[in-house]
Amino acid sequence: MRADPAEYRLVSPGKLQAVLSLLAGEPAQWLPIAGGTDVMVLYSAGKLPNRNLINIWNIPELRQIDVFPDRIRIGAACTYTALRGNDIVSREFPLLATAAAWTGGIANQNRGTLGGNIANASPAADSLPALLVYDAEVTLISVRGERRLPYRHFHSGYKQTALAADELIRDISLPRRFAGYFSHARKVGARNAQAISKVCLAALGQIANGTIRDVRLALGSVAPVPLRLNETEQVLTGKKIGSSLIETARKSVVKEIQPIDDIRSTARYRAAVAGNLVAEFLEKLAAAGMNA
Amino acid sequence: MSPSQRNGAKCEVLFTVNGHTKQVLAYPMERLLDVLRNELGLTGTKEGCGEGECGSCSVLLDGMLVNSCLVPIGQAKGASIVTIEGLSTHALMNPVREAFLECGGAQCGICTPGMILAAVHLLEKKPEPALADIREGLAGNLCRCTGYMQIFEAVASAARRRVAK
């Protein structure tokens, strides 16, 4: 059933404090809308539970990318196009730049935002595994003040987040200590653009003296939340990459994920592909280690 | 500002469409697509999927390619919009139109306005795009007739014509 616009309100306070006051005054009544690439889809289908929307697209501090010596701070309403166009993101956080390029087509990249992707909390979102391996931190803001939360603690279950009813995601910070890592991103889907992943991988690794010094793996679409593979990382750390380690990793990945059957794929296919993607990464990491 | 008010109220939206200042009275959650078609009679912008997947409703908003089905009119206040009708005076329009005609880049026509907007947006940023750039630039625009190759060829041909000039 198509939504009737007469039943909805959209206000544009234009200032962050005014947005927060509205959210605090009537918590859970207002839904922030930035580029609308998720919200408008639900709205048009008549499936948006909220009747009251606050425009946050025109809040300048949410659109900024600030670079500090030790971290980069990305405003929550920065678009995928802005991420792709940022030199530091391209150079030091290639997994995020790649995921931004995978998300939708150009028109959706011009409107879709990183904060929106986080708040929408889809386990299939392409940019979220990258945030996990880069140790992202999110700043949540309300009239009560702000709090910083490691991104890995943000999703508590399927579409469940740590965001309180009066809070807004203000920014996402990434520490600038991964530039020296070998990085590998891979999406498996029906089509690159405009297709939601069946499985996607973001991976970082460092080889020293022939063994894995550090490895960071995260997968999308294999669990109720974007999933960091902590156990598999532990299995791999300090080991030399060879065919037996790759087989061990494959088994560990399958044990660690909880894929489901849905319209895009099956649990069995996803488990096989998740193992393959990690195996492919390890082969590439080993080759990169040989050449280093 | 109380959300207990059941209904939203219409608001005045002042914006620029194809170079002309326009004022419309609309509910702020009305889609830009519907305002363009129903209020302003600009029916060159097509509705395909209505959920941002197909690109038929592409327009330029402050120079950025967007799906007008995903933009509430309340977010277009003060913006400058260019639709397919507004491209008629654009420097890229002639080479793009000729190339689409010559290469068979249009069949049923529903995707064509969006394809052309996406092509112009691409050529403005990359005057000499590689095939990979063309594929990426048009990846958000679906066509159920041509199989895409004629469209990609049309964009490449338009770029060559323009460079040759």
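Residues numbered from 1 in each chain as written. Chains lettered and ligands numbered in written order. Predicted model: local features only at pLDDT ≥ 70, side-chain atom pairs only at ≥ 80, totals over all residues.

Caption draft 1: Seen up close, the confidence of the model for chain B. All names here are of chain B. Here chain B averages 94 in pLDDT, and 95% of its residues register 70 or above. Counted against residues more than four places away or in other chains, residues 1-5, with its pLDDT under 50, gives seven contacts. Across the assembled chains, the prediction reports ipTM 0.94 with pTM 0.94. (pLDDT = per-residue confidence, 0-100. Contact = placed C-beta atoms within 7 Å.)

Caption draft 2: Summary view of the interface of chain B and chain A. Taken together, the contacts link 30 residues of chain B with 32 residues of chain A. At the level of elements, strand 4 (64-67) and helix 3 (112-125) of chain B are the ones that each hand at least two residues to the side of chain B that touches chain A. Ranked by residues supplied to the side of chain B that touches chain A, first place goes to strand 4 of chain B with four residues. Tallied by class, residues from the side of chain B that touches chain A come to 14 nonpolar, 13 polar and three charged. (Helix = DSSP H or I, 4+ residues; strand = E, 2+ residues; numbered from the N terminus. Nonpolar A, V, L, I, M, F, W, Y, C, P; charged D, E, K, R; others polar.)

Caption draft 3: Region of the structure containing the pairing of strand 5 (residues 71-75) of chain A. Residue and element names in this part refer to chain A. As paired strands, strand 4 (residues 65-67) and strand 5 are joined by three bridges and run antiparallel to one another. Looking across to strand 5, one finds that Ile 65 is bridged to Ile 74. Two successive antiparallel strands, strand 4 and strand 5, enclose a turn made up of three residues. Inspection of the sheet shows strand 5 paired to strand 10 (residues 168-175) by five bridges, in the antiparallel sense. Paired with Ile 72 across the bridge in strand 10 is Leu 174. (Pairing = 2+ DSSP bridges.)

Caption draft 4: Here's a closer look at helix 5 (residues 94-102) of chain A. Residue and element names in this part refer to chain A. Counted residue by residue, helix 5 has eight buried out of nine residues, so it is predominantly covered. Those residues of helix 5 not exposed but buried are Leu 95, Leu 96, Ala 97, Thr 98, Ala 99, Ala 100, Ala 101 and Trp 102. Looking at the buried residues of helix 5, the elements they touch are helix 3 (80-84), helix 4 (87-92), helix 6 (106-109), helix 8 (128-133), strand 11 (182-188) and strand 12 (199-208). Of the residues flanking the end of helix 5, it is Gly 104, one or two places downstream, whose phi is positive at about 55°. (Buried ≥ 20, exposed ≤ 12 C-beta atoms within 10 Å, placed from the backbone.)

Caption draft 5: Seen up close, the environment of Arg170(A). Residues and elements named next belong to chain A. Here Arg 170 shows up in strand 10. On the basis of neighbour count, Arg 170 is assigned to the buried category, with 22 C-beta atoms found within 10 Å. Residues Arg 170 and Leu 62, 108 residues apart in the sequence, show an inter-C-alpha distance of 6.2 Å. Filtering out sequence-adjacent residues up to four positions away, Arg 170 remains in contact with Leu 62, Ala 76, Thr 139, Leu 140, Ile 141 and Glu 146.

Caption draft 6: Representation of the sheet that holds strand 3 (residues 52-55) of chain A. All names here are of chain A. Strand order in the open sheet formed by three strands is 1-3-2, and the pairing between neighbours is parallel. Of all strands in the sheet, those bounded by a partner on one side alone are strand 1 (9-11) and strand 2 (30-33). For this sheet the average axis-to-axis angle between neighbouring strands, irrespective of direction, equals 30°. When strand 1 meets strand 3, the two strands line up parallel, connected through three bridges. Paired with Val 11 across the two strands is Ile 54, which belongs to strand 3. (Axes fitted to C-alpha atoms, helices over the stretch in contact; angles between N-to-C directions.)

Caption draft 7: Layout of the packing of helix 2 (residues 93-103) of chain B against helix 5 (residues 149-164) of chain B. All names here are of chain B. Running from N to C, helix 2 and helix 5 cross one another at 140°; their axes reach a closest spacing of 8 Å. On the basis of the axis angle, helix 2 is oblique to helix 5. Here helix 2 and helix 5 pass one another in a crossing that is right-handed. Contacts between helix 2 and helix 5 pair Pro 95, Val 96, Ala 99, Phe 100, Glu 102 and Cys 103 from the former with Gln 150, Glu 153, Ala 154, Ser 157, Ala 158, Arg 161 and Arg 162 from the latter. (Parallel < 35°, antiparallel > 145°, perpendicular 65-115°, else oblique. Left-handed = near helix turned anticlockwise from the far one by under 90°.)

Caption draft 8: Focus on the sheet that holds strand 2 (residues 20-26) of chain B. Residues and elements named next belong to chain B. As summarised here, the arrangement of the five strands in space is 2-1-5-3-4, forming an open sheet in which the pairing is mixed. The outermost strands of the open sheet, each flanked by one partner alone, are strand 2 and strand 4. Looking at each pair of strands side by side, their axes are set apart by 40° on average, direction ignored. Here four bridges tie strand 3 (residues 58-61) to strand 4, and the two strands are oriented antiparallel to one another. Bridge pairing in strand 4 links Ser 58 to Asn 67. With respect to the sheet, helix 3 is in contact with strand 3 and strand 4, its orientation differing from that of strand 3 by roughly 40°.

Caption draft 9: A look at the packing of helix 3 of chain B against helix 5 of chain B. Residues and elements named next belong to chain B. Here helix 3 crosses helix 5 at 40°, and the two axes come no closer than 11 Å. One finds that helix 3 runs oblique with respect to helix 5. Crossing of helix 3 over helix 5 shows right-handed handedness. Here Met 115, Ala 119 and Leu 123 of helix 3 lie close against helix 5, whose contacting residues are Ile 151, Val 155, Ala 158 and Ala 159. For the contact of helix 3 with helix 5, the residue count by class is seven nonpolar, no polar and no charged.

Caption draft 10: Just unusual backbone geometry, in detail. Residues and elements named next belong to chain A. Even without glycine at this site, Ala 121 takes up a positive phi of about 60°. Looking at the element boundaries, Ala 121 is found in the loop between helix 7 (114-120) and helix 8. For Asp 135, which is not glycine, the phi torsion reads 55° and is therefore positive. For Asp 135, the location among the structural elements is in the loop between helix 8 and strand 6 (137-142).

Caption draft 11: Region of interest: the domain arrangement of chain A. Residues and elements named next belong to chain A. Domain boundaries assigned for chain A yield domain 1 (5-55), domain 2 (64-175) and domain 3 (182-291). Of note, the centres of domain 1 and domain 2, computed from C-alpha atoms alone, are 20 Å apart. Ranked by residues supplied to the side of domain 1 that touches domain 2, first place goes to helix 1 (residues 16-25) with five residues. Considered class by class, the residues forming the side of domain 1 that touches domain 2 number eight nonpolar, four polar and one charged. (Domains from an automatic or database assignment.)

Caption draft 12: Expanded view of the domain arrangement of chain B. Residues and elements named next belong to chain B. With domains assigned, chain B is organised as domain 1 (11-86) and domain 2 (90-164). A C-alpha centroid distance of 22 Å is found between domain 1 and domain 2. Domain 1 puts 13 residues into the contact, and the matching count from domain 2 is 11 residues. A per-element tally of the side of domain 1 that touches domain 2 places strand 3 first, with three residues. Classifying every residue of the side of domain 1 that touches domain 2 gives six nonpolar, six polar and one charged.

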